[in-house]
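One-letter residues, chain by chain:
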Amino acid sequence: MNKTLTCVICPNGCQLTVDYEGVTIQSVEGALCSKGNQYAEQEILDPKRNIASSVRVTGGKAPLVSVRLTGPIPKKKIFDVMAEIRALSVAAPVEIGQVLIADVSGLGQDVIATKRIDRI
Amino acid sequence: MTTQNRSVIIIGGGPAGLAAAAALRQQGVEDILILEREHDLGGILRQCIHDGFGLTRFKEALSGPEYAARFVDTVQQAGIEVMTDITVTELHADRTVVATARSGRYVFKAQAVILAMGCRERTRGAIQIPGSRPAGVYTAGIAQAYMNLKNIMIGRSAVILGSGDIGLIMARRLTLEGASVKGVFEIQPYPSGLPRNITQCLDDYDIPLFLSHTVTAIHGTKRLTGVTVSQVDSSFRPIPDTEKEWTCDTLILSVGLIPENELSKMAGVLLDPRTKGPRVDEHYQTSVAGIFAAGNVLHVHDLVDFVSLEAERLAESVGDYLKQAPADEEAVPVEADPELAYTVPQLVRADRDLTVSCRVRRPLNRVRISIWQNDQKHVTRRFRRAIPAEMIHLTVPKEKLVPGEPLKVVVEHE
């Protein structure tokens, strides 16, 4: 089978052509770097994405702190992770890189703050 | 009112202003002042919470606030003077800067002024969509600020007009927050955002993208109830009998960005009709001596990494300018191929290493883009595909350049 993908790893956005049979990748063409080959393989077998959102903050100078995951998670788990993020509220102060949810949904990645929010 | 003197005044504390300030300090420039109208430094990055920033610059994928924090920390650690909650209201050709804050009115005189005010969004008025004026019509950046900074959910079901990157990012953001995004409609026959954002913001969430379509009417009295969408022909005219009604409570406009020019115009800075920002030489100096510009105020960028790099190149020249105004090699034009929307810089003096940034007008396959001077080819880059969404950079070392001879940026099909 042949599939055309856009690599989302970096702004180059390489157009990849993947030739595969079931779960066996036969060839990947069009990647400017080896990350593209890994991406294509991952994308065929089990697509993963990183997501960003925000979490409510109490007692802070801003009502929200922006968050992201430390690494990509399976695409089909995105809305499970979003539900956990939405249920969360943290108290200021919050530091950049602070872990707000460890091992979110048991997927091996943490939800970390990406902004500093000082106390009022 | 007393006038305060500064070596350098930077108008705007976003990515361009911060990078310029940090780089100037590294060169030993002491007397720098950043003027920022918001309460916090960081500019638009503060609301760009998605990741993917910094891959070029820091070799890792950061969110916008993290990328900004690295520069804010550098600026603060370097002890660079910053005033926030202050708005520059006047800029004059003699580099007088007038600013207003709650604490009063300030007048500064600078040896060099750096324009780093960023850009503004085109609005409903700019694209003249007919219909009523209900609530629920937002520009993409405003929608992003409400959701990511103010914790205000903007609607439940959205249509997005324009496939600019912020619109695509907001399509994903709304979907993650539980809203339904009906579709993205783009008037051009190709997307205006980056391919990776089409994949990770639309395709991932099964949000359809309709090319050669536009919104031709807006419905609703108090709140938006829906929009009419039509197909357009190759001259962007709506095709009769292609109208379709879409029910939605939110319309997001992602229809282009324009450099912020109010202060530049006040100072008499000449603008380039193609970039819609100041015309500059390779020192990023505008037509007014001692006034420099970099970042989105100069031309709208696709990646913040390139804004930082541009501001750092600017800082190099501003540093030299402070030591002694350049011996004024005659500036000659950079001629852009008709396939290119523009080049920055528009002029060269050939007295420093040159980086030319440009964009193609339409998607092109298999092209070579070269810089020529006097039948001498200085540099060539080959592209399997070049698209308007991606800025292209070409560099030429100073040694190769001949002062006084115009440059040509040439696009060749292979």
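Before reading further, recall that the structure is shown in the block above.
The structure contained in this document is the topic of the report that follows. Values in this document were obtained by computation on a predicted structure and should not be read as measured data.

1. Quick word on the side chain of Thr355(B)
- Relative to the helices and strands, Thr355(B) resides in strand β23 (residues 354-360).
- Non-local contacts of Thr355(B), meaning those with residues more than four positions away in its chain, are made with Tyr284(B), Arg313(B), Val344(B), Pro345(B), His393(B), Leu394(B) and Thr395(B).

2. Re the environment of Val81(A)
Residues and elements named next belong to chain A.
- Within the element layout of this structure, Val81 appears in helix α2 (residues 78-87).
- Taking the C-alpha atoms as reference, Val81 lies 25 Å from Pro11; in sequence the two are 70 residues apart.
- Here Val81 is in contact with Ile51, Leu69, Ile73, Val104, Ser105 and Leu107, once residues within four sequence places are set aside.

3. Side note on the pattern of salt bridges
- Within this structure, the stated rule accounts for 25 salt bridges over all chains.
- Across the salt bridge formed by Glu177(B) and Arg173(B), the nearest N and O atoms sit 2.9 Å from each other.
- Here Glu177(B) falls in the buried class, since its relative accessible area comes to 17%.
- For Arg173(B), a relative accessible area of 6% puts it in the buried group.
- One salt-bridge network, held together by shared partners, links Glu43(A), Arg49(A), Lys75(A) and Asp204(B).

4. Here's the deal with the sheet that holds strand β22 (residues 347-348) of chain B
- Strand order in the open sheet formed by five strands is β22-β20-β27-β24-β25 (chain B), with mixed pairing between adjacent strands. Strands at the two margins of the open sheet, each flanked by one partner only, are β22 and β25 (376-386) of chain B.

5. Describing the interface of chain B and chain A
- At the junction of the two partners, chain B supplies 30 residues and chain A supplies 30 residues.
- Summed over both partners, the interface of chain B with chain A buries about 2500 Å², with 55% contributed by carbon and sulfur atoms.
- If you sort the residues of chain B by the area they bury against chain A, Glu66(B), Leu176(B) and Arg196(B) come out on top, with a joint share of 22%.
- Put simply, chain B and chain A have four salt bridges between them.
- A salt bridge links Asp204(B) to Arg49(A); the nearest nitrogen and oxygen atoms lie 2.5 Å apart.
- Inspection of the chain B/chain A interface yields 13 residue pairs in polar contact (both at pLDDT 80 or more).
- Of all the secondary-structure elements, those providing two or more residues to the side of chain B that touches chain A are β4 (62-63), α2 (64-77), α4 (140-149), α5 (165-176) and α6 (195-202) of chain B.
- Per-element accounting of the side of chain B that touches chain A gives the leading share, four residues, to α6(B).

6. Description of the sheet that holds β23(B)
Residues and elements named next belong to chain B.
- Sheet architecture is open: three strands sit in the order β21-β23-β26, paired in antiparallel fashion. The open sheet terminates on both sides in strands that have one partner only, identified here as β21 (340-344) and β26 (392-396). Recorded for the sheet is a direction-independent mean angle of 20° between the axes of neighbouring strands.
- In the sheet, β21 pairs with β23 via four bridges, with the strands oriented antiparallel. What sits directly across from Tyr342, in β23, is Arg359.

Conventions used here
- Residues numbered from 1 in each chain as written.
- Chains lettered and ligands numbered in written order.
- Predicted model: local features only at pLDDT ≥ 70, side-chain atom pairs only at ≥ 80, totals over all residues.
- Heavy atoms only, no water.
- Helix = DSSP H or I, 4+ residues; strand = E, 2+ residues; numbered from the N terminus.
- Contact = heavy atoms within 4.5 Å.
- Salt bridge = Lys/Arg side-chain N within 4 Å of Asp/Glu carboxyl O.
- Buried < 20%, exposed > 50% of the residue type's maximum accessible area, 1.4 Å probe, protein only.
- Pairing = 2+ DSSP bridges.
- Buried area = accessible area lost by both parts, 1.4 Å probe.
- Polar contact = N/O pair within 3.5 Å; in protein donor to acceptor, adjacent residues only side chain to side chain.
- Axes fitted to C-alpha atoms, helices over the stretch in contact; angles between N-to-C directions.

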